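Structure assessment
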Amino acid sequence: MSGILAVLEQRDGKLHKMSLEALAAAQEFGGEMGLPVFAALLGAEVESLSGYKLEKVHVLEHELLKEYTADGYAIALRQLIEKHGPKFVLFPHTYQVRDFAPKLATSLGRVLVSDVVGHRVENGTLVLVRQLFQGKINADVRFEGEAPYFASIQAGAFRADKLEAGTAVVEKMTPALTAAQIPTKPLELFRESARAVDLSAAEIIVSVGRGIREAENIPVVQKLAEALGAELAASRPICDNGWLPMERQVGSSGQTVAPKMYVAVGISGAIQHLVGMKGAKIIVAINKDPEAPIFEVADYGILGDLFQVVPAIVEELKK
Ligand SMILES: Cc1cc2nc3c(=O)[nH]c(=O)nc-3n(C[C@H](O)[C@H](O)[C@H](O)COP(=O)(O)OP(=O)(O)OC[C@H]3O[C@@H](n4cnc5c(N)ncnc54)[C@H](O)[C@@H]3O)c2cc1C
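Residues numbered from 1 in each chain as written. Predicted model: local features only at pLDDT ≥ 70, side-chain atom pairs only at ≥ 80, totals over all residues. Heavy atoms only, no water.

**Some details on the sheet that holds strand 1 (residues 4-7)**
- Strand order in this open sheet of nine strands is 9-8-7-10-6-1-4-5-11, and the pairing throughout is mixed. Of all the strands in the sheet, the pair left with one neighbour each is strand 9 (137-142) and strand 11 (169-173). With direction set aside, neighbouring strand axes in the sheet form an average angle of 35°.
- Here strand 8 (residues 125-132) runs beside strand 9; their pairing, made up of six bridges, is antiparallel. Bridge pairing in strand 9 places Gln131 opposite Asn138.
- Sheet contacts for helix 1 (residues 17-33): strand 1, strand 4 (37-42), strand 6 (88-92), strand 7 (112-122), strand 8 and strand 10 (149-153); angle to strand 6, the most-contacted strand, approximately 150°. (Pairing = 2+ DSSP bridges. Helix = DSSP H or I, 4+ residues; strand = E, 2+ residues; numbered from the N terminus. Axes fitted to C-alpha atoms, helices over the stretch in contact; angles between N-to-C directions. Contact = heavy atoms within 4.5 Å.)

Here it is in C-alpha cells:
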C-alpha cells in the first residue's frame, strides 16, 4: 500500500461527520506528498464512500466487529496494516478512536500523534501541528523511526466540503478474530437528548464565552440578544459549567450554525468553536485581547471590555 490509510468511523452504515474531515486530510496530505489514499471501515460498508477519489476502500467484516470493542478494532486493523503496510494511518479524533487507536499504535511499537489541527510538508517530510495547554501553544511534530505513522485529526481542522470526488474499489477482508481475544463487552450507547433549540435556523446569534466570568453575568449578553432579536448561544465551557443548556453550544461537539450575523462575546476562537460558526455571513467579535484568534475570522472586531462594550451597544439599539 505504502500510501495513506484513513480509518473511518461508521455507525449503522452512516459515516461519523469527522470521518469525512479525516478523509479530506488524507487526500490533502496525499496530494502534497504524492501518496495514494486508502480508506478502511470496520463492521459494515458505507455505500457513499465509493464516490470519493480513493485507491481502495478496505472493509473489515467479522461477526465480532459488528459491535465496537477496542480489542476487536485494534486486532483487526493491525492485521490490515501488517498486510498492506501503509506509511501513514489517519483517524478522526473521535471518542471511539481515543479508545482504541493508542492500543493499536502501541501494539505495533509506535505512538499516536493525537489532536492534529494543521500540517505542512517540508522537503517531502510531513510536519503535523497539534495544540498544547488548551490551545495556548501550537507544537510541530515530525515522525521519526520506521512507518507506519499514526495520527488523529481534530474536528474542524480539515474541511469535508473540500473532499475530491471520484471512484473507489471496495475490497473486503475477514480478519482472524476469536471471542477469547475480546474480553470487553459493549454496553448500551450513550444517546444525546433531542434538541429543543434549533440554532441552525436562527438569523442572528449572540454567543457568549468564558470572558463572561460567571453565570450571574449572563444577563449582560442576554440583553444584547433580546435587543437584536437574536438567539443566545455559547462556547463549550459555558455549557459545561451549566450556565446555559448544552443545546445552546456552538462548535464541533455542539451545533453548526450559519446565521446572517454571529456576535461572539468573550470567545477566544478555538478551532472547535470556529468550525461551528465560520459559515456565518457576518461575524462580529467583542474581545479584550487583540491577539484572540476570533479576530482572524471576524468581519467586524471590537477590542474592549465586554462589560463596557455590550451595555453601550444595547443602549444604542434601544434608542
Ligand atoms: C474534543 C473537543 C471538542 C470541543 N468542542 C467544542 C465546541 O463544540 N464548542 C466550543 O466552543 N468549544 C469546544 N471545545 C473547547 C475549545 O477547545 C475551547 O476550549 C473553547 O471554545 C474556549 O471557549 P471560550 O472561547 O469561551 O474560552 P476562552 O478560550 O477561555 O476565551 C475567553 C475569551 O474571552 C476574552 N475575555 C476575557 N475577559 C473579557 C472581557 N472582560 N471582555 C472581553 N473579552 C474578554 C479573552 O480574551 C478570551 O479570548 C472543544 C474541545 C475539545 C478538545
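**Regarding helix 4 (residues 218-228)**
- Those residues of helix 4 lying buried are Ile218, Val221, Leu224 and Ala225. Looking straight down helix 4, one finds that the buried residues subtend no more than 125° of arc, so they occupy a single side.
- Packed against the buried residues of helix 4 are strand 12 (204-208), strand 13 (231-234), helix 5 (236-240), strand 14 (261-265) and helix 8 (306-318).
- Positive phi appears at Gly229, one or two residues downstream of helix 4, with a value of about 65°. (Buried < 20%, exposed > 50% of the residue type's maximum accessible area, 1.4 Å probe, protein only. Arc of directions from axis to C-beta.)

**Thoughts on the pattern of salt bridges**
- Tallying each qualifying case throughout the model produces 15 salt bridges.
- Arg120 serves as the salt-bridge partner of Asp140, at 2.6 Å between the closest nitrogen and oxygen. In this pair, Asp140 is assigned in strand 9 and Arg120 in strand 7, connecting sequence segments 20 residues apart.
- On the basis of relative accessibility, which here comes to 41%, the residue Asp140 falls in the partly exposed class.
- Across the pair Glu316 and Lys319 runs a salt bridge whose closest N-O atoms are separated by 3.0 Å. (Salt bridge = Lys/Arg side-chain N within 4 Å of Asp/Glu carboxyl O.)

**Topic: the layout of surface pockets**
- Reported here for the second largest pocket is a volume of approximately 300 Å³.
- As for the second largest pocket, its lining consists of 17 residues, of which Glu21, Thr256, Val275, Gly276 and Lys278 are closest to the centre.
- Elements with a contribution of two residues or more to the lining of the second largest pocket: helix 1 and helix 6 (271-277).
- When residues in the lining of the second largest pocket are grouped by element, the largest group, three residues, is from helix 1.
- The residue makeup of the lining of the second largest pocket, split by class, is six nonpolar, six polar and five charged. (1 Å grid on protein atoms, 1.4 Å probe; cavity = no way out; pocket = protein on both sides within 12 Å on 5 of 7 lines; lining within 4 Å. Points joined across faces, edges and corners; volume = space filled by probe spheres on them. Nonpolar A, V, L, I, M, F, W, Y, C, P; charged D, E, K, R; others polar.)

**Structural notes on empty space enclosed by the protein**
- Tallied over the full model, the rule gives one cavity of 30 Å³ or more.
- Estimates place the volume of the largest cavity at around 30 Å³.
- Residue lining of the largest cavity: Val7, Leu8, Glu9, Leu42, Tyr73, Gln96, Val97 and Phe100, and that is the complete set.
- Ranked by residue count, the leading element in the lining of the largest cavity is helix 3 (residues 95-107), at three residues.

**A few points about the environment of His58**
- Along the chain, His58 turns up in strand 5 (residues 56-60).
- Note on His58: relative accessible area 2%, which makes it buried.
- Considering only alpha carbons, one finds His58 and Glu171, 113 residues apart in sequence, at a separation of 5.0 Å.

**Brief notes about the site of the ligand**
- Taken together, 26 residues form the shell around the ligand, and within it Ser235, Ser253, Ser268, Gln272 and Asn287 come nearest.
- At 3.0 Å, a backbone N or O of Gly266 approaches an oxygen atom of the ligand.
- Here Asp305 contributes a side-chain N or O atom positioned 3.0 Å from a nitrogen atom of the ligand.
- Of all the secondary-structure elements, those providing two or more residues to the shell around the ligand are helix 5, helix 6 and helix 8.
- Class assignment of the residues belonging to the shell around the ligand gives a composition of six nonpolar, 14 polar and six charged. (Near = heavy atom within 4 Å. Polar contact = N/O pair within 3.5 Å; in protein donor to acceptor, adjacent residues only side chain to side chain.)

**Points about a nonpolar patch on the surface**
- On the surface, Leu132, Phe133 and Ile137 cluster together into a nonpolar patch covering about 290 Å² of accessible area.
- Within the element layout of this structure, Leu132 appears in strand 8.
- Judged by relative accessible area, which is 30%, Leu132 ranks as partly exposed. (Patch = residues over 30% accessible without salt bridge, like charges linked within 9 Å, V, L, I, M, F, W, Y side chains within 5 Å. Areas by Shrake-Rupley, 256 points an atom, 1.4 Å probe, with all protein chains shown as cover.)

**Observations concerning unusual backbone geometry**
- The amide bond that connects Ala147 to the next residue, Pro148, takes the cis arrangement and shows omega of 10°.
- The residue Pro148 is located in the loop between strand 9 and strand 10 in this model.
- Its identity as a non-glycine residue notwithstanding, Asn123 has a phi of 50°, on the positive side.
- The residue Asn123 is located in the loop between strand 7 and strand 8 in this model.
- For Asn123, a relative accessible area of 81% translates into the label exposed.
- A positive phi angle, near 70°, is found at Arg213, a position not held by glycine.

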